[in-house]
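# Fold and geometry: a report
Spelled out, the chains give:
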Amino acid sequence: MTTIGARAAVTGLALVLFVAAPPDVSDAHGRSLSWSSWRLTADGASVRLRVPLLELTRLGVDPIADPRAAREIARQLAAQVQLTRGGRPCEPVSDPLPAAAPAGQAVYEWRVLCTGAGPLVITSAFLFREAPSHLHFARIATSDGAVRERVLTDAAPSWALGDPNAANGSAGSVGAGTGFGGYVALGIEHIATGWDHLAFVLALLLLAASFGEVAALVTGFTVAHSVTLALAVLGVVRPEPAAVEALIGFSIALVAAENGWLLGGRGRAVPWTVTALLLGMAGLAAAGIGNVPAGALAGLALFSRCHFALLERSERPARLRAAVAFAFGLIHGFGFAGILAEMALPTDRLVPALLGFNLGVELGQLAIVALAWPALRALAGLGDGRAHGALAEMASAAICGVGLFWFVTRSFG
């Protein structure tokens, strides 16, 4: 393949990836989420719903600039987030009203009144039409302090709570929340739709030449993100989400750029370009521009320069790549933690949720590796291996471009 032909192929592949990718790929790891808290009473419930302002734009309104937005949002909430008793909707006592909210979030509160008798059911259709992958976390609290939570999805939008009158509203009458298996499924779905994590894993696999290398890469990444996932969910460490998401994009770009650098003969242009880019962004961060601290960007510049220098002198770069998989796995773990950390689960629910979610992430990741790596090795075994080299070069270039896009947009978005 000529140089011009290779560049054209790389450009074409990158364009195909951007055009063919799902609509949420530019946001990649960030999931469409909302949360509701229900305090059950003898005659109904008090409701508090929280949703990011950005998610509300999916409804076709500007929640900040449009004076009619609050009324339209309230109308949709009352119609789509409901409590029923005995199959009959519990009527809102008043329209959902805006309440004090954290930066970048909207909070609405209202109360519903239930008549008659029968089991209670929470149902949400909020944002499922606009974002079918949307997750709604519902939490209930009864008068005697029982707390449960459940993840509602487009496929399972309802939560049957049972009849609170059957046991005087005791914990035993409260419908079961999401169990261990449910969190396993959530973890699998999370990795399967986390395009940035998938891109990172694929970038690592492109140059893996043996099962031992794959095992080292996957183990390093798994151990690292499991550690930080636990630390973040347990509240030991609370990183800045915007910075974490930006650094995940950087990890993808760096590993993919490293692939191209190793395939292209280990010249000086790539290491110095990466270092200069990071130092330039560190300067902007020092001036108050961007979401990533200047110190973190300067540290990444030093890390990247040293890493390329070590690779240049190494006869077995696979070991260093496993170390990088571990280092960046720590960052990806904070990204995985976002969903569970936002749920603020009670202590007795936290451990099974954490273990189940992490197991789901690992199972999904192993399934992806089991599908992708054998296909790559089969391609490498064809002919003289040029087809595999061309694919690795083109895929790395495309992944690097996407990772760089995520890094820059998340850093300054």
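Quick caveat, the model's predicted, so the values are computed rather than measured.

## Looking at unusual backbone geometry
Non-glycine residue L127 carries a positive phi angle of around 70°. Among the structural elements, L127 can be located in the loop between β8 (120-124) and β9 (135-141). Exposure remark for L127: the relative accessible area of 0% places this residue in the buried category. Look at R266: it is not a glycine, yet its phi comes out positive at around 60°. Topologically, R266 is positioned in the loop between α7 (241-263) and α8 (269-286).

## Some words on the nonpolar core
By size, the foremost hydrophobic cluster in this structure holds 73 residues, and its most contacted members are F137, L186, L205, F250, L278, L297 and F328. Per-element tally for this core: the top contributor is α7, with 12 residues. Among residues more than four places away in sequence, those in contact with F250 are V274, L278, L300, S304, F328, G403 and F407. Counting residues in hydrophobic clusters, the runner-up holds 29 residues, among them A69, L77, A106 and W159.

## So, the packing of aromatic side chains
Scanning the model with the defined rule gives 6 aromatic pairs in all. Arranged with centres 5.0 Å apart and planes meeting at 80°, the rings of W261 and F308 form a pair that is edge-to-face. In this pair, W261 sits in helix α7 while F308 sits in helix α9 (residues 294-313), placing the two residues 47 residues apart along the sequence. For W261, a relative accessible area of 3% gives the class buried. Classification of F308 by relative accessible area gives buried; the value is 0%. Considering the side-chain rings of F303 and F328, the 5.8 Å spacing of their centres and the 75° angle between planes classify their relative orientation as edge-to-face. With a gap of 25 residues between them, F303 in helix α9 and F328 in helix α10 (residues 317-336) connect regions that are remote in the sequence. We classify F303 as partly exposed; its relative accessible area is 31%. Looking at F328, the relative accessible area reads 2%, which means it is buried. Here the aromatic cluster, defined as three or more aromatic residues joined through ring pairs, consists of F200, F221, F250, F303, F328 and F407.

## Here's the deal with the environment of G413
By the secondary structure assignment, G413 is in the segment after α13 (386-412). A relative accessible area of 78% places G413 in the exposed class. Sequence-wise, G413 and A246 are 167 residues apart; in three dimensions their C-alpha atoms are separated by 9.6 Å.

## Description of the sheet that holds strand β3 (residues 81-85)
Strand order across the open sheet formed by 4 strands is β4-β3-β8-β11, with antiparallel pairing between neighbours. A single partner strand is all that each edge strand has here, and the edge strands are β4 (88-89) and β11 (158-162). Taken together, the 4 bridges between β8 and β11 define a ladder with antiparallel strand orientation. In the strand pairing of β11, V121 is matched with A160. Each of β3 and β8 is contacted by helix α3 (residues 69-80), which is oriented at about 35° to β3, the strand it contacts most.

## Here's the deal with α8
Residues lying three or four places apart along an α-helix face the same way, a consequence of the helix completing one turn every 3.6 residues. Spanning 18 residues, α8 covers 26 Å between terminal C-alpha atoms, matching the ideal 26 Å at 1.5 Å per step. Three or more residues of α8 are buried, namely P271, V274, T275, L278, M281, A282 and A285. Across the axial projection of α8, the buried residues extend over an arc of 135°, all falling on one side. Counted as exposed and oriented over 90 degrees from the buried face of α8: A269 and T273. In this structure, the buried residues of α8 make contact with α7, α9 and α13. Following α8 by one or two positions, G288 has its phi on the positive side, about 90°.

## Details of the side chain of H388
Within the secondary structure, H388 is located in helix α13. Engagement of the side chain of H388 in a polar contact is seen with the backbone oxygen of L206, the distance being 3.3 Å.

## Topic: the state of the cysteines
One pass over the full model with this rule turns up 1 disulfide. One disulfide bridge connects C90 with C114, the sulfur atoms lying 2.0 Å from each other. Disulfide C90 to C114: torsion about the S-S bond roughly 100°, handedness right-handed. Taken together, the residues C90 in the loop between β4 and β5 (91-92) and C114 in the loop between β7 (105-113) and β8 connect sequence positions 24 residues apart. Across the pair, C114 and C90 agree in class, each one buried.

## Comments concerning the packing of helix α5 (residues 195-205) against α13
Two numbers describe how α5 lies on α13: the axes approach to 10 Å, and their chain directions differ by 140°. What the angle tells us is that α5 and α13 run oblique. Of the two elements, α5 crosses α13, and the hand of that crossing is left-handed. Facing W195, D196, A199, L202 and A203 of α5, the residues of α13 in contact are I399, W406 and R410. Taken together, the residues of the contact of α5 with α13 break down into 6 nonpolar, no polar and 2 charged.

## As for the pattern of salt bridges
On inspection of all chains with the given rule, the structure shows 9 salt bridges. Close ionic contact of D43 with R111 constitutes a salt bridge, the shortest N to O distance being 2.6 Å. Taken as a pair, D43 in the loop between β1 (33-41) and β2 (44-52) and R111 in strand β7 lie far apart in primary sequence, 68 residues in all. For E55, the salt bridge identified is with R58, shortest N-O distance 2.7 Å.

Thresholds, definitions, all that
Residues numbered from 1 in each chain as written. Predicted model: local features only at pLDDT ≥ 70, side-chain atom pairs only at ≥ 80, totals over all residues. Heavy atoms only, no water. Helix = DSSP H or I, 4+ residues; strand = E, 2+ residues; numbered from the N terminus. Buried < 20%, exposed > 50% of the residue type's maximum accessible area, 1.4 Å probe, protein only. Core = buried A, V, L, I, M, F, W, Y, C linked by side-chain atoms within 4.5 Å. Contact = heavy atoms within 4.5 Å. Phe/Tyr/Trp six-rings, centres within 6.5 Å; stacked < 30°, edge-to-face > 60°. Pairing = 2+ DSSP bridges. Axes fitted to C-alpha atoms, helices over the stretch in contact; angles between N-to-C directions. Expected span 1.5 Å × (residues − 1). Arc of directions from axis to C-beta. Polar contact = N/O pair within 3.5 Å; in protein donor to acceptor, adjacent residues only side chain to side chain. Disulfide = S-S within 2.5 Å. Parallel < 35°, antiparallel > 145°, perpendicular 65-115°, else oblique. Left-handed = near helix turned anticlockwise from the far one by under 90°. Nonpolar A, V, L, I, M, F, W, Y, C, P; charged D, E, K, R; others polar. Salt bridge = Lys/Arg side-chain N within 4 Å of Asp/Glu carboxyl O.

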